[in-house]
Each structure stands twice: as C-alpha cells, then as structure tokens.
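Structural overview
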Amino acid sequence: MQDDQAAVLDRLEELVPTMIQDVRDLVCVPSVGGTDAENEAQEAMARRFERGGLEVDHWRIDLDATTSHPDFPGAEVERREAWGLVGRLPGTGDGPTLLFDGHVDVVPIGDPDAWSDDPFSGALRDGRIHGRGSADMKAGLLAAHWAVQAVRAADVALRGDVLLAPVQGEEDGGLGTFALLQRGWSADACVIPEPTDLDVIPANAGALTFRLTIRGRATHAARRAEGVSAVDKLVPVLAALAELERQRHEQVDPLAARWELAHPLSLGTVRAGDWASSVPDRLVAEGRIGVAIGEPVEDARASLEAAVAAACDDDPWLRDHPVEVEWWGGQFASGRIAPGSDLVDEVQRAHRAAGGSPDQEVYGAPYGSDLRLLTGLGGIPTVQYGPGDVQLAHGPHESVPVDEVVTAARAFALLVLDVCGRAE
C-alpha cells in the first residue's frame, strides 16, 4: 500500500502545474447560476473527464419533472436547461464507492469596481488563484479530478469505484445534486470539496429563504400623518426578528459552538415605494433564517411565522393588516453525517499523510450545502473538506492558496486508495 501511495503522489507532483492552470481556466468560465455559462462549465468538465479516460454520464436534466418533485429543494434563479454529469473511474466491483460532489455554479460578482482584477481572470498572484469561484469551489473540484488522474497515471487498480460529480444549482437550492440522486447515482462515502481551510465539516446548519410583504396606506408625503408607511411598519417586525435570533441561539449544537451566530437570521433585500414624495403602501423584504443542526425545517419556519404574528398582534395597524410570510427559493435543511461512519477519521488520516496542518479541526458549518441532500435523501456519509476560506467566497477578494489546492489533491488521492482499496 505504501508503494501505491508513493507512486500516486509522485504522479500527482508531475501533474500539479497542469492542475493549477486547469483551475485558472475553469475560473475564467463565468458560470453564474442560471446563465448559459453554467451549462458551459458542465460541458467543459465533461470534456476533461473524456480526455482523462473516465466513463462519462452526461445528461440533460428534465427541469419540469425535477422541480415538480415533492422533495425538490427549491431554486432562486430561472433555468432553461441544466445538465447532470458524472465521471467514473471503475474498480473491480468488490470495494466501496467514493464520490466527490462539487458545484460549478457561482454567485454574481456584485460591484465590479470592488475587484482589483477582472472577476473571472483566474489571475495567479502571490501564491493564490484569484476570481469568482476560485475558492467556492472550482479549485476543490479540480483537485479531486486531478487526484483521480494521478491514481490512473500510477496504474493503481482499485476495488471500488471513484465518482466525480460536478453539479449545477448548488448556490440556490441544490438542483444538480438532487438530480444526481434521482438518476440513481449513489456511493458509500462522499467528500464535498467546499472551502473549509482544509478542516473537516461533518454537519451543516440549514437556511430557508423567506419573503415578507407589509401593507401600508399611501398618501401624499405632505399629508404623511394621514397615511401609514409600510417602511415604518417594518421596524417592529425587525425588532421581533432580532429577538427571535437571540432566542434561537440560547442553546446550540456543540459542533457549532465556535460561531458567534450558528444559524443566523437576516434580511438581504428590502424594496418599498415607487415615488419619493409618496407614503409607501407596500414593502417587500426577503431574507434567510438559519436552521439549527438537527432542527426540523418545519420548526424553523413555525418560529419565524410565530414571531412575525406576535409583532403584528402588538401593532394596531398590523393587527388588521398582518404581514404576509412566504417561503420561496432555496430551502436548505440542516445535515449531519450518519453516526458510526469512519469518514471523518479517514479524511483526517489522508490530510495528515498529505502533509496537511496538524491543527486541522472538525466542526459544523453555519451555512447550508448539498451535504444535507447527500446524507438525508441519499443516505451517503458525507463531509466537506477542501481548499480556501469560505469567508472570501461571495466577496470581491475571492481567491484560493495554491498550496492548499495541492494539499487537498494529495489528500484526495490518498483517500481514494484508503476508501476504495487496492485490487489484488
């Protein structure tokens, strides 16, 4: 086994320059969720798999059937098409299957003036690859791909299969992983190469998207006292939501104790009025409520609805014109690896053997991911482990350290050998 490990790591060392350039090339694909480039990224990954000698399953997702399924986890952007993709390195069939599941979609760039480079430049500077999607999570996805290529190049026969599954729509709900499971793909263990600073995350909080509609009474601003501002009526609702967030953090799961807010509640957009000198009669606010690890989604929804209802009961206007609460978009339940799995220990062992930091930690993340679909619907023991810092994701300084990409690839290659086993 040690000879196999050395041979695979030697092959990977030779492939590192190609891997780094490959990450840069994929970052240059502006695969924002819901755009044509999201599909182009899947096509580009399919070509990589074919060139790399993997068996390829590349299929058009039936969006109507998938999104109408009762278990569909929701979406926040419209798509005219979407594609599923799996690359398979087959084993002899008598060993466990290991899956790497990583998303190719990225969030919008925000203010372009906040970026020091073109957001999709893939610039290599100061030992880091820069650009939207570099950390979240194209570097991790390609680290897994090149780890598998190193196993192939070393001519090591495996007992179990290795699956690589680039997915779409993770950022806004989980379309791609849901479609993957619906197609029948499964595994005995899964790693999601999300940016974890090479720590191990075996559990996630969830996040539910909601919309609040507050009604007022319009009038000319010169007669403001005779109207009812929907903006003013947001104030007691905001206070109620802040108190709800406080109450929901009185106790948290020990895996999430490191976070100041383990499952935050916040508003992301507020829109009101249509004229500066009119009292606004309608306000729409959209936000997310975090779901505690192990908390049923229904309980989280009920807590927010009850808090909003209580705020309305305390306000004479809102009592007669209650705030409307809608649940829409991405609905991320919490997720947790099944008890009894050895996957955390196996990832830690691979990380140490790959030269990773001995200070590696294990904890729960305060955000939702596809982990909850893989562990819940798929019944697959799953952890997150990958290069990059999630704090930089979704911002104008997103980048990933090259040395972490290399360490992750080394760890993935060793994990393949450990989980799948060498064929005799």
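Everything that follows concerns the structure shown earlier in this document.
This write-up is about the structure you can find in this document.

A short note on the pattern of salt bridges
Within this structure, the stated rule accounts for 26 salt bridges. Of the charged contacts in the structure, one is a salt bridge between Asp 22 and Arg 48, with a shortest N-O distance of 2.7 Å. Here Asp 22 is found in helix α1 (residues 2-27), whereas its partner Arg 48 is found in helix α2 (residues 36-51), with 26 residues between them in sequence. For the pair Asp 22 and Arg 48, a shared accessibility class is recorded, and that class is buried. One salt bridge in this structure joins Glu 250 and Arg 246, with 3.3 Å as the shortest N-O distance. Overall, the relative accessible area of 56% leaves Glu 250 in the exposed class. The network of salt bridges with shared partners includes Arg 211, Arg 271, Glu 286 and Glu 326.

Side note on the sheet that holds strand β16 (residues 399-401)
In spatial order, the strands read β4-β5-β16; together these three strands make up an open sheet with antiparallel pairing. Edge positions in the open sheet fall to β4 (124-125) and β16, since each of these has one partner strand only. Strands in contact with helix α4 (residues 134-153) are β5 (128-130) and β16; relative to β16, the strand with the most contacts, it is inclined by about 45°.

Some thoughts on the side chain of Thr 209
Its location among the elements puts Thr 209 in strand β9 (residues 206-215). Residue Thr 209 is classed as buried on the basis of its relative accessible area, which comes to 10%. For Thr 209, the side chain forms a polar contact with the side chain of Glu 76, separated by 2.7 Å. Residue contacts for Thr 209: discarding those within four places in its chain leaves Glu 76, Gly 287, Arg 288, Glu 326, Trp 327, Trp 328, Gly 330 and Gln 331.

With respect to the packing of α1 against α4
In contact at an axis separation of 8 Å, α1 and α4 are set at 145° when each is read in the N-to-C sense. α4 is crossed by α1, and the crossing has right-handed handedness. Counting all contacts with α1, which are made through Val 8, Arg 11, Leu 12, Leu 15, Thr 18, Met 19, Asp 22, Val 23, Leu 26 and Val 27, the residues of α4 involved are Ser 134, Lys 138, Ala 139, Leu 142, Ala 143, His 145, Trp 146, Ala 147, Gln 149, Ala 150, Val 151 and Ala 153. Each residue belonging to the contact of α1 with α4 can be placed in one class, and the counts come to 15 nonpolar, four polar and three charged.

A short note on the nonpolar core
Grouped together as the largest cluster of nonpolar side chains are 66 residues, with contacts concentrated most on Met 19, Phe 100, Leu 158 and Phe 412. Among the elements that make up this core, the one with the highest residue count is helix α11 (residues 402-420) (14 residues). If near-sequence neighbours (up to four positions away) are discounted, Phe 100 is found in contact with Ala 144, Val 162, Leu 163, Leu 164, Ala 165, Val 191, Phe 412 and Val 416. Of all hydrophobic cores here, the second largest spans 24 residues; its members include Leu 234, Ala 285, Val 297 and Ala 307.

Side note on the pairing of strand β8 (residues 200-204)
With five of five residues buried, β8 is to be regarded as a mostly interior element. The pairing of β8 with strand β13 (residues 335-336) spans two bridges and is classified as antiparallel. Across the sheet, Ala 203 pairs through a bridge with Arg 336, a residue of β13.

Side note on helix α7 (residues 297-313)
Relative to the 24 Å expected for 17 residues at 1.5 Å per residue, α7 spans 25 Å between its end C-alpha atoms, a close match to the ideal helical length. Along α7, the positions that sit buried rather than exposed are Val 297, Ala 300, Ser 303, Leu 304, Ala 307, Val 308, Ala 311 and Cys 312. Buried residues belonging to α7 abut β9, α6 (230-247), β10 (265-272), β11 (282-291), α8 (316-320) and β12 (324-332).

A word on the packing of α4 against α11
Two elements in contact, α4 and α11, have axes separated by 8 Å at closest approach and are oriented at 50°. Comparing the axis directions of α4 and α11 gives the class oblique. Of the two possible hands of crossing, α4 and α11 adopt the one that is right-handed. Two secondary-structure elements touch here, α4 through Ala 139, Gly 140, Ala 143, Ala 144, Ala 147 and Val 151 and α11 through Val 405, Ala 408, Ala 409, Phe 412, Ala 413 and Val 416.

Definitions and cut-offs
- Residues numbered from 1 in each chain as written.
- Predicted model: local features only at pLDDT ≥ 70, side-chain atom pairs only at ≥ 80, totals over all residues.
- Heavy atoms only, no water.
- Salt bridge = Lys/Arg side-chain N within 4 Å of Asp/Glu carboxyl O.
- Helix = DSSP H or I, 4+ residues; strand = E, 2+ residues; numbered from the N terminus.
- Buried < 20%, exposed > 50% of the residue type's maximum accessible area, 1.4 Å probe, protein only.
- Pairing = 2+ DSSP bridges.
- Contact = heavy atoms within 4.5 Å.
- Axes fitted to C-alpha atoms, helices over the stretch in contact; angles between N-to-C directions.
- Polar contact = N/O pair within 3.5 Å; in protein donor to acceptor, adjacent residues only side chain to side chain.
- Left-handed = near helix turned anticlockwise from the far one by under 90°.
- Nonpolar A, V, L, I, M, F, W, Y, C, P; charged D, E, K, R; others polar.
- Core = buried A, V, L, I, M, F, W, Y, C linked by side-chain atoms within 4.5 Å.
- Expected span 1.5 Å × (residues − 1).
- Parallel < 35°, antiparallel > 145°, perpendicular 65-115°, else oblique.

By themselves these figures say nothing about function.
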